Amino acid sequence: QNGFVTIFLFVDAEEATRKNGGVSADSALDQDAKTKADDDVRGRPDSVLFLCLAGTDRSAIAEAWVQKLSPPTATASAGLSSHFEGAKVSSESQRIAKANGLTLERHRARKFSLEEARNSDLIVFFDRTDLLDFRETCREADESLCIQKTRVLSDYLDSHRQCTIADPYHTGNHAETFRVIELGVRAMLEKEQFFRTETGLLDVVTQQKRELVEANKRILELHYQLQEKAAIAALVPGLKKQLRAGLVGTTQIIEEVQDLQRKLQDACAESQTLKRTLAARLEEIDHQRIELKRVKEKNRRQREEIGRRDEEIRSLKRKLAKCRRELEGEARARATLEERIGEMLVSGGT
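How each quantity is defined
- Residues numbered from 1 in each chain as written.
- Predicted model: local features only at pLDDT ≥ 70, side-chain atom pairs only at ≥ 80, totals over all residues.
- Heavy atoms only, no water.
- Helix = DSSP H or I, 4+ residues; strand = E, 2+ residues; numbered from the N terminus.
- Buried < 20%, exposed > 50% of the residue type's maximum accessible area, 1.4 Å probe, protein only.
- Contact = heavy atoms within 4.5 Å.
- Areas by Shrake-Rupley, 256 points an atom, 1.4 Å probe, with all protein chains shown as cover.
- Axes fitted to C-alpha atoms, helices over the stretch in contact; angles between N-to-C directions.
- Parallel < 35°, antiparallel > 145°, perpendicular 65-115°, else oblique.
- Left-handed = near helix turned anticlockwise from the far one by under 90°.
- Core = buried A, V, L, I, M, F, W, Y, C linked by side-chain atoms within 4.5 Å.
- pLDDT = per-residue confidence, 0-100.
- Expected span 1.5 Å × (residues − 1).
- Pairing = 2+ DSSP bridges.
- Salt bridge = Lys/Arg side-chain N within 4 Å of Asp/Glu carboxyl O.
- Phe/Tyr/Trp six-rings, centres within 6.5 Å; stacked < 30°, edge-to-face > 60°.
- Polar contact = N/O pair within 3.5 Å; in protein donor to acceptor, adjacent residues only side chain to side chain.

Undergrad: Looking at this structure, I do not really get the overall build of the protein. What am I missing?
TA: The helix and strand tally for the protein stands at 11 helices and four strands. Relative to its full complement of 350 residues, the protein shows a buried share of 32%. Long-range pairs, those at least 24 residues apart, make up 75% of the contacts in the protein between residues at least 6 apart in sequence. Accessible area of the protein: about 23,100 Å², with a carbon and sulfur share of 54%.

Quick look at the structure:
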């Protein structure tokens, strides 16, 4: 009796397929899963913009690594300052890049534009000072979406998190800068593969569902043959076991996918919390910078006031010295006058 119930269910599914114009409900679910998988792939960054202060060494090296490791990814590099436009990559960085199969000879520095930042999916910096300057520029231009796409390359590295990838022009250690940038780019590309892993699992589920649909069709064919040959009915229990085994396997895979989705949601929630904490910290830093500017301005005014007072004191001292000299002159003149008067009195008495 259970066998016949199962067969009737499959007949209903076939009828539903005919009513939908040849597209079964399971096929529609497959299409939904495929669409979701495609959306996950499109959710990955398709274009990356690397920004440093000059746009010569660090951003150019990162761009070259992405072009080598992930050619389909559109990548570009530029600088925050216009003072270095047209500058070449340092000869030492070119030498190290060439030894690693990268070409930087044709690179020329240029200043970024808000338009290319707006059109990029991901904007990566090498130190947080440049990141803060970029965010300030975006706030002044009312480009809040650009701020949401910013990252610091060292944050992709557990060993260098919260660190600054210094400009080799200042440190002189081109090899270390090149090595850290390579590790950061590889880690960035690896992290962007997360959704591909989940998509692959969804593809497995979709394939399993297709196999179940094919199993349904086979059971339908057996049902039609049972009407002609009763002996084929013995095959139904075996097919039922296979179907149940397939359903159990598919259920396990679906549970794994749901578990991954829950973990992803938890990770997203944690990421949002971290973003809010970082935003609050950045706002606090901005306030501290403003307060520091105010303190500096106050100190400058105090120094100017002290300078003016020192000048007044020096002027008073000069006046006091002059008065002293005048008093001393008057005292000498008075003494001379008294001597003459004494002499005149002596002469008169005589």
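Undergrad: Quick question: what am I supposed to make of the packing of helix α3 (residues 58-69) against helix α9 (residues 174-191) here?
TA: The angle between the axes and the distance between the axes are what describe a pair of packed helices. One can describe the packing of α3 onto α9 by two numbers: an axis separation of 9 Å at closest approach and a directional angle of 45°. In this view, α3 runs oblique relative to α9, as classed from their interaxial angle. Read as a crossing pair, α3 and α9 show a hand that is right-handed. From α3, Arg 58, Ile 61, Ala 62, Trp 65, Val 66 and Leu 69 reach across to α9, where they touch Thr 177, Phe 178, Ile 181, Glu 182, Val 185, Arg 186, Met 188 and Leu 189.

Undergrad: Mind showing me how you'd approach the nonpolar core here?
TA: Within soluble globular proteins, side chains that are nonpolar tend to cluster in buried spots. Ranked by internal contacts, the top residues of the largest apolar core, which has 28 residues, are Phe 50, Phe 126, Leu 153, Ile 181, Val 185 and Met 188. When residues of this core are traced back to their parent elements, those giving at least two are β1 (47-52), α3, α4 (91-99), β3 (122-125) and α9. Sorting elements by how many residues they give to this core places α9 first, with seven residues. In this structure, Leu 80, Phe 112, Ala 117 and Cys 146 belong to the second largest nonpolar core, which totals 14 residues.

Undergrad: Whenever I open this one, the confidence of the model for the protein confuses me. Can you help?
TA: Detailed reading of the predicted model is not advised wherever pLDDT is low. The share of residues in the protein with pLDDT of 70 or more is 78%, and the mean pLDDT across the chain is 80. Across residues 1-43, confidence stays below pLDDT 50; counting only partners more than four residues off in sequence or on other chains, it has 32 contacts. Contacts from residues 194-205, a stretch scored under 50 in pLDDT, to residues over four places away or in other chains number 23 contacts.

Undergrad: Whenever I open this one, α9 confuses me. Can you help?
TA: Residues lying three or four places apart along an α-helix face the same way, a consequence of the helix completing one turn every 3.6 residues. Its 18 residues place the ends of α9 26 Å apart at the C-alpha level, agreeing with the 26 Å of an ideal helix rising 1.5 Å per residue. Residues of α9 that are buried include every one of His 174, Thr 177, Phe 178, Val 180, Ile 181, Glu 182, Gly 184, Val 185, Ala 187, Met 188 and Leu 189, and no others. The inward-facing, buried residues of α9 abut β1, α3, α4, β3 and α8 (168-171).

Undergrad: Looking at this model, I keep getting lost on the sheet that holds β1. Mind explaining?
TA: One open sheet holds the four strands; their spatial order is β2-β1-β3-β4, and the pairing between them is parallel. Looking at strand neighbours, the two that pair on one side only are β2 (74-79) and β4 (150-152), the edges of this open sheet. Within the sheet, the average angular offset between the axes of one strand and its neighbour, ignoring direction, is 25°. Across four bridges, the pairing between β1 and β3 is parallel. Note that in β3 the partner of Phe 50 across the bridge is Val 124. Of the strands in this sheet, β1 and β2 touch α3, which is tilted by about 175° from β2.

Undergrad: Any chance you could explain the pattern of salt bridges here in plain terms?
TA: If charged atoms from side chains of opposite charge come close, those side chains can pair. Per the counting criterion, the structure on display carries 20 salt bridges. We note a salt bridge from Glu 116 to Arg 110, for which the minimum N-O separation is 2.9 Å. Among the ionic pairs, Glu 304 bridges to Arg 300, the shortest N-O distance being 2.4 Å. You can see Glu 304 and its partner Arg 300 sitting in helix α11 (residues 235-349), four residues apart, about one turn around the helix. By relative accessible area, Arg 300 is classed as partly exposed at 33%. Taken together, the shared-partner salt bridges connect Glu 297, Arg 300, Arg 301 and Glu 304 into one network.

Undergrad: Any chance you could explain the pairing of β1 here in plain terms?
TA: Both faces of the sheet carry side chains from a regular strand, because those side chains alternate between them. β1 sits mainly inside the fold: six of its six residues count as buried. Looking at chain direction, β1 and β2 are connected through six bridges and run parallel. Across the sheet, the residue bridging to Cys 52 is Gly 79, located in β2.

Undergrad: What exactly am I supposed to notice about the packing of aromatic side chains here?
TA: Both the distance between ring centres and the angle between the ring planes are used here to describe each pair of aromatic rings. Scanning the model with the defined rule gives four aromatic pairs in all. Ring centres of Phe 112 and Phe 134 lie 5.5 Å apart, and the angle between their planes is 55°; this geometry places the pair in the tilted category. With Phe 112 in the loop between α4 and α5 (114-119) and Phe 134 in helix α6 (residues 128-140), the pair connects residues that are 22 residues apart, well separated along the chain. The rings of Phe 112, Phe 125 and Phe 134 are connected pair by pair, giving a single aromatic cluster.

Undergrad: What should I look at first to understand the side chain of Asp 127 in this one?
TA: By the element assignment, Asp 127 lies in the loop between β3 and α6. A distance of 3.2 Å separates the side chain of Asp 127 from the side chain of Arg 58, its partner in a polar contact. Leaving out residues up to four positions away in the same chain, Asp 127 has contacts with Arg 58 and Thr 164.

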